[in-house]
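Topology and contacts: notes
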Amino acid sequence: MARRGGKLLLVAAMLLLGVARAAAEDAQVNTIQDIFRHLRTCWRPPSPAKARPLDITVVVSFNRAGNILGHPRVTYESAEASDNDRLQYRIAVMEALQRCTPVPFTDAMAGAAAGRPFAIQFRKPKTSPPTQERRA
């Protein structure tokens, strides 16, 4: 009996996850901040094994339907990044943009955002400085 309850619980959890994911995907983008939030949900930085963390900024424009207008342009990359780091992060940014478009603009936001350039920052995670052990 416990086995059957566990299966039912698993199925319920999967259904809830599917509903939550569908709700997030259907969320309408109505403000400029919503655009940045929406794009961050699609961001998957390269693993540390592939590339060192770096900051990268991309300028991108959208049409009224939420599709990318023209070509995204990288305008900033961390100075200490190697060529491989830059390549891996550029690939990750383009994959994020593909995952997130078309952007589900509301009618009002579609008119406001169409053709406007947005500078999207993808930042490396902040690491806290190592803690110093204190001696008594």
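This section reports on the structure supplied with the text. Note that this is a predicted model, so its numbers are computed, not measured.

**What about the overall build of the chain?**
A count of helical and extended segments in the chain gives four helices and three strands. Helices (α) and strands (β) of the chain occur, in sequence order from the N terminus, as α-α-β-β-α-α-β. Out of the 136 residues in the chain, the part that is buried amounts to 30%. The contacts of the chain with a sequence gap of at least 6 include a subset with a gap of at least 24, amounting to 76%. Total accessible area on the chain stands at roughly 9,800 Å², and carbon and sulfur atoms take up 57% of it.

**A short note on the nonpolar core**
Ranked by internal contacts, the top residues of the largest apolar core, which has 27 residues, are Ile 35, Phe 62 and Phe 105. Those elements that provide at least two residues to this core are α2 (32–40), β1 (56–62), α3 (83–100), α4 (107–113) and β3 (118–122). In terms of residues, this core owes the most to one element, α3, which gives six residues. Setting aside anything within four residues of it in sequence, one finds Ile 35 in contact with Val 29, Phe 62, Phe 105, Met 109, Ala 113 and Phe 118.

**Section: the environment of Leu 39**
Structurally, Leu 39 can be placed in helix α2. When near neighbours in sequence (up to four residues on either side) are disregarded, Leu 39 contacts Phe 62, Leu 97, Cys 100 and Ile 120.

Definitions and limits used
- Residues numbered from 1 in each chain as written.
- Predicted model: local features only at pLDDT ≥ 70, side-chain atom pairs only at ≥ 80, totals over all residues.
- Heavy atoms only, no water.
- Helix = DSSP H or I, 4+ residues; strand = E, 2+ residues; numbered from the N terminus.
- Buried < 20%, exposed > 50% of the residue type's maximum accessible area, 1.4 Å probe, protein only.
- Contact = heavy atoms within 4.5 Å.
- Areas by Shrake-Rupley, 256 points an atom, 1.4 Å probe, with all protein chains shown as cover.
- Core = buried A, V, L, I, M, F, W, Y, C linked by side-chain atoms within 4.5 Å.

Coordinates in, geometry out; function isn't part of it.
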